[in-house]
Amino acid sequence: MQGFTIAFVPTMGYLHEGHISLMEKGRQLADVLIASIFVNPAQFGPGEDYDAYPRNPQKDSALAQKAGVDVLFMPEKNQLYPEKYETYITQSNLPRFLCGLSRPTHFTGVMTIVAKLFNIVKPHYAVFGQKDYQQLAIIRKMTHDLNFDIKIVGAPIVREPDGLAMSSRNKYLSPEQRRSALALSRALAQAQQSVATGEIRASALIETAQKTITSVRETAIDYVVIGDPETLEEVSVIDRPVLMALAVKVGQTRLIDNCILSPPVDKTS
Ligand code: PAF
C-alpha cells in the first residue's frame, strides 16, 4: 500500500469499548486502519486461560467494521506458528517487574507476536492500551531496540461507568465477583486522593490499597506496586509522577489496572 500511511491495532479479539477506542485513535492517525485478532498461544503460560479465552469472530468483525477498520487480519495459529517454529524475542529488564514475576514467559510471547505482526502489516503507527502499562513499555523498548520504523501510540484506559477497567476477561466474573473487582479501581482512586492531600510514602499507600482489595470477597493480590513510570523499579517516595499498578485475582480471573500518582505542584518554589 504505497503512498498511504497505515495505523495498526493488534488485539486478541472479544472486542469491547477499550479496543474500539484504540481503533478510533488509529483511524485519526493514518489513511488506512488495520486491526488483527489473534489469541496468541505464546503469551499464555501453562494452566492459563488460552483455551477458555473468549472468542466471537463474527461479532468482532461487525464491531471492527463499525469502528472504521479497513482490513481485519485474523490469522490461524499454524500460519503464525507453523510446525517447528522456534524463534522468540526476549528483553532483559522491563519483563523482570510486575506481571513478569508471576507470568515469566508472557512478555516473550507478546513481543514475538507483536514483532511478527509488525513485519506482516508494516504499519507506520501501532496503538496499544495503557491498561497493559508494562506491555506498552516493553513494546516501545522492543520497537526502539529492533529498529522498527513504527511510532508506538498509547491510549488511555477505558472504564465502565462504575470504574472497572474494560477487559475481555471481565466476562468471566460472576455478578458478585464483578462487585469485588471494583476494589481495584477504588484502591487506585483512593491512592490518587491520598497523594493529592499530601501522602508521599509508597508503603502507606500500598498498605491502604491492599486493605481495600482484600476487604472484599474472592480477591487474592498478585502485586500492588508503586514504581518509576519508565524503568518500573519500585519507588519509596512520591516526589514526582509515578506508576501505581496492581494485579489481583478475583475468583479465578486475573485482572490488572494502573494509574499515575502525581504529587501536588508546590506553588511556593
Ligand atoms: O494486548 C493484547 O491484546 C495482546 O497482548 C496483543 C498486544 C494483541 C498481543 O497478542
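Undergrad: How do you make sense of the overall build of the chain when you look at a structure like this?
TA: Along its length, the chain carries eight helices and eight strands. Here the C-alpha radius of gyration of the chain, 19 Å, is about what a compact globule of 269 residues would show, namely 18 Å. The buried share of the chain, reckoned over its 269 residues, is 51%. Taking contacts inside the chain between residues at least 6 apart in sequence as the whole, the part at least 24 apart equals 70%. Counting every atom, the chain has about 13,800 Å² of accessible surface; 51% of that belongs to carbon and sulfur.

Undergrad: Just to check I follow, could you spell out the site of the ligand for this structure?
TA: For the ligand, the full set of nearby residues is Pro10, Thr11, Met12, Asn40, Gln43, Ile113, Phe128 and Gln135. Gln43 is positioned with one of its side-chain polar atoms (N or O) 2.6 Å from an oxygen atom of the ligand. The side chain of Gln135 places a nitrogen or oxygen atom 2.7 Å from an oxygen atom of the ligand. Across the complex, the protein chains shield 88% of the 290 Å² of accessible surface that the ligand would expose by itself.

Undergrad: Help me understand unusual backbone geometry in this model?
TA: Note: most residues except glycine have negative phi, and most peptide bonds are trans. For Glu218, which is not glycine, the phi dihedral falls at a positive 65 degrees. The residue Glu218 is located in the loop between helix H8 (202–214) and strand E6 (219–227) in this model. Positive phi outside glycine occurs at Leu232, with the angle close to 70 degrees. When you line up the elements, Leu232 lands in the loop between E6 and strand E7 (242–250). With a relative accessible area of 1%, Leu232 lands in the buried category.

Undergrad: What's the story with the sheet that holds strand E8 (residues 253–261) in this structure? I'm lost.
TA: Sheet strands pair via backbone hydrogen bonds, and the direction of the pair is either parallel or antiparallel. The three strands lie next to each other as E6-E7-E8, forming an open sheet whose pairing is antiparallel. Lying at the two open borders of the sheet, with one neighbouring strand each, are E6 and E8. Neighbour to neighbour, the strand axes of the sheet diverge by 15 degrees on average, direction disregarded. As paired strands, E6 and E7 are joined by eight bridges and run antiparallel to one another. Across the sheet, residue Ile226 finds its bridge partner in E7, namely Met244.

Undergrad: I would appreciate a short explanation of the nonpolar core in the present structure.
TA: Inside soluble globular proteins, nonpolar side chains tend to come together where they are buried. With 39 residues, the main nonpolar core has Leu98, Val114, Phe118, Phe128, Met142, Ile152 and Tyr223 as its most contacted residues. The set of elements that each furnish at least two residues to this core consists of strand E1 (6–11), strand E2 (32–37), helix H5 (106–121), strand E4 (125–129), helix H6 (133–145), E6 and E7. Look past the residues within four positions of Met142 in its chain and what remains in contact with it is Ile89, Gln91, Met111, Val114, Ala115, Phe118 and Phe148. In this structure, Ala181, Ala183, Ile206 and Val224 belong to the second largest nonpolar core, which totals 27 residues.

Reading the values: the criteria
- Residues numbered from 1 in each chain as written.
- Predicted model: local features only at pLDDT ≥ 70, side-chain atom pairs only at ≥ 80, totals over all residues.
- Heavy atoms only, no water.
- Helix = DSSP H or I, 4+ residues; strand = E, 2+ residues; numbered from the N terminus.
- Rg over C-alpha atoms; globule rule 2.2 N^0.38 Å.
- Buried < 20%, exposed > 50% of the residue type's maximum accessible area, 1.4 Å probe, protein only.
- Contact = heavy atoms within 4.5 Å.
- Areas by Shrake-Rupley, 256 points an atom, 1.4 Å probe, with all protein chains shown as cover.
- Near = heavy atom within 4 Å.
- Polar contact = N/O pair within 3.5 Å; in protein donor to acceptor, adjacent residues only side chain to side chain.
- Pairing = 2+ DSSP bridges.
- Axes fitted to C-alpha atoms, helices over the stretch in contact; angles between N-to-C directions.
- Core = buried A, V, L, I, M, F, W, Y, C linked by side-chain atoms within 4.5 Å.

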